[in-house]
Amino acid sequence: MPRLLHFNAFDMACVGHIQQGMWTHPRDTSARYHTLSYWVDLARTLERGLFDGLFLADVLGIYDVYGASPEAALRGAVQVPLLDPALVVPAMAAATTHLGFGITCNLAYEQPFLFARRISTLDHLTGGRIGWNIVTGYLDSAARAMGFDRQMAHDDRYDLADEYMEVVYKLWEASWDTDAVRADRAASLYADPAKVRPIRHEGRQYRMEAIHLCEPSPQRTPVLYQAGASDRGRRFAATHAECVFVNGGRPEPVAALVADLRARAGARPLKVFAGATVIAGRTEAEARDLLEEYRRHASVEGALAHASASLGIDFAKYGMDEPIEAGPGQAIQSNVTAMKQAAGPVFTKRRLIDQFILGSRQPPILGSAEQVADALAGWAAAADVDGFNLSRTVMPEGLEQFVELVVPRLQEKGVYKTAYAPGTYREKLFGAGPLLGAPHPAAALRAG
């Protein structure tokens with residue numbers, strides 16, 4: 001039997017996410033990002049298409065590497081202005097029944113006690129449909145916003161993250177017994193004090209003594225997402241992640257990365273999602289017409305502002321044909337790796353711009369619904385990934401086309417579900433129980 005593919009919509013609570021400039025298209029509605037109706041409509045579309053989740057990215061700073069200025073990002077709405085992704089989730093959850101929600105939160109700048117309560121709150125309010133994309137940040141502008149001169153070194157951020165995870169696992173899993181809540185009206189006993197305990201932690205980065213403020217939520221620990229292609233990032237993923245987000249591109253290098261991730265995870269189940277952009281039509285000619293229409297709205301300046309921040313290179317300093325070397329730095333190492341795979345270790349700004357088909361470095365999968373379905377299924381098999389994070393193009397048109405045209409073809413091929421499985425986000429993804437199981441480190445901490 002073929003493997004059933006998983007799909008998340010990859011989005012951000014902003015106007016311009018990955019494909020820069022699409023907001024200028026006359027049919028695009030992303031400028032309504034600050035209204036609840038925009039997000040409720042999106043959630044309903046995704047649930048109609050049986051998407052597993054809505055994966056919401058986030059950053060805490062502004063993109064000011066290109067030209068050492070935020071002007072290009074502000075002009076092009078390059079992930080600014082930007083809302084808090086957690087706050088749009090409850091409205092979407094109220095409008096849906098099955099759709100999961102993966103929110104990004106930078107652990108470097110938030111105390112674990114407060115964050116643990118926010119996630120437990122969302123897990124309760126969504127009925128166990130919340131996930132967390134674990135990030136440590138990569139923008140110096142975010143560090144300055146939080147009162148620091150610059151961000152921590154890349155590997156040091158992962159060291160911090162390891163301890164952070166230990167603390168939040170203790171809060172989610174060890175503070176309350178499963179049967180601590182009695183809700184006994186006759187005895188005036190809501191929670192049994194003998195089954196609730198304070199968490200004590202004394203570590204290098206964090207010190208805490210506290211009872212978790214929330215009773216156990218449906219999943220306790222949220223579904224854990226992570227993205228990281230560096231050796232340190234892979235070690236972190238092998239310990240903590242249930243789902244890993246990898247860059248798309250050619251399937252061969254992705255397959256090697258996936259094999260390494262699965263080997264490191266060992267007995268732990270791991271779902272791998274690849275980034276993808278899709279333009280589908282009823283015919284290939286229709287899809288190509290859409291691509292040419294969309295390309296007229298792509299922003300090179302916006303794409304350069306985004307790439308400069310995520311690669312840690314100020315492309316404004318370089319001429320069009322001047323060699324640029326992408327070396328080690330403090331930016332997103334998976335993006336640097338993907339750039340080297342696409343353009344080589346030394347490339348030029350002209351070669352980079354040539355890849356900006358829709359205002360990003362991600363070439364779209366293009367064609368009729370049948371061609372797109374074949375391409376996705378073939379790519380997933382070749383790279384050994386479990387599914388895709390689909391980045392938006394023109395909103396909501398691109399996702400509506402995918403739901404209406406591509407989903408039925410995927411179902412006909414037997415590689416996509418025809419109904420949601422019951423249960424929480426974790427149960428739908430993995431087919432087991434709602435809680436993390438052994439040998440995940442959080443499972444060993446769970447109270448009775």
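1. Concerning the pattern of salt bridges
1) Next: One pass over the full model with this rule turns up 31 salt bridges.
2) Next: In this structure, Arg392 engages Asp11 in a salt bridge whose closest nitrogen and oxygen atoms are separated by 2.6 Å. Taken together, the residues Arg392 in the loop between strand E16 (387-391) and helix H14 (397-412) and Asp11 in strand E1 (residues 6-12) connect sequence positions 381 residues apart.
3) Next: Note on Arg392: relative accessible area 7%, which makes it buried.
4) Next: Of the charged contacts, one joins Glu284 and Arg288 as a salt bridge, the two residues approaching to 3.0 Å between their closest N and O atoms. With Glu284 and Arg288 both in helix H9 (residues 284-295) and four residues apart, this pair spans about one turn of that helix.
5) Next: Residue classification places Glu284 among the partly exposed positions, given a relative accessible area of 32%.
6) Next: Assessed through its relative accessible area of 43%, Arg288 is described here as partly exposed.
7) Next: Here the residues in one salt-bridge network are Asp231, Arg234, Arg235, Asp260 and Arg264, joined through shared partners.

2. Thoughts on the sheet that holds strand E3 (residues 100-106)
1) Next: Reading around the circumference, E1-E2-E3-E4-E9-E10-E11-E16 is the order of the eight strands in this closed barrel, with parallel pairing throughout. For this sheet, the mean inter-axis angle between neighbouring strands, taken without regard to orientation, is 25°.
2) Next: Taken together, the six bridges between E3 and strand E4 (residues 130-135) define a ladder with parallel strand orientation. Note on E4: the bridge partner recorded for Gly102 is Gly131.
3) Next: Sheet strands touched by helix H7 (residues 231-240): E4, strand E9 (223-226) and strand E10 (243-246). Its angle to E9, the strand with the most contacts, is close to 170°.

3. Observations regarding the nonpolar core
1) Next: Counting residues in hydrophobic clusters, the biggest one holds 88 residues, and the most contacted among them are Phe7, Trp39, Phe51, Trp132, Val385, Phe388 and Phe402.
2) Next: Tallying contributions element by element places helix H6 (residues 154-174) first for this core, with eleven residues.
3) Next: When near neighbours in sequence (up to four residues on either side) are disregarded, Phe388 contacts Leu5, His6, Phe7, Asn8, Phe273, Ala274, Ala276, Leu376, Trp379 and Ala380.
4) Next: Membership of the second largest hydrophobic core comes to 22 residues, among which are Ala57, Tyr138, Tyr225 and Leu429.

4. Let's talk about unusual backbone geometry
1) Next: With an omega of 0°, the peptide bond between Val80 and Pro81 qualifies as cis.
2) Next: Mapped onto the fold, Pro81 is located in the loop between helix H2 (71-76) and helix H3 (89-94).
3) Next: Between Ala438 and the following residue, Pro439, the backbone shows a cis peptide bond with an omega angle of 10°.
4) Next: Positive phi values are uncommon outside glycine, yet Arg220 reaches one of about 55°.

5. Some remarks on the environment of Glu292
1) Next: Tracing the backbone shows Glu292 in helix H9.
2) Next: For the pair formed by Glu292 and Gly302, sequence separation is ten residues and the distance between their alpha carbons is 18 Å.

What counts and what doesn't
Residues numbered from 1 in each chain as written. Predicted model: local features only at pLDDT ≥ 70, side-chain atom pairs only at ≥ 80, totals over all residues. Heavy atoms only, no water. Salt bridge = Lys/Arg side-chain N within 4 Å of Asp/Glu carboxyl O. Helix = DSSP H or I, 4+ residues; strand = E, 2+ residues; numbered from the N terminus. Buried < 20%, exposed > 50% of the residue type's maximum accessible area, 1.4 Å probe, protein only. Pairing = 2+ DSSP bridges. Axes fitted to C-alpha atoms, helices over the stretch in contact; angles between N-to-C directions. Contact = heavy atoms within 4.5 Å. Core = buried A, V, L, I, M, F, W, Y, C linked by side-chain atoms within 4.5 Å.

None of this, on its own, says anything about what the molecule does.
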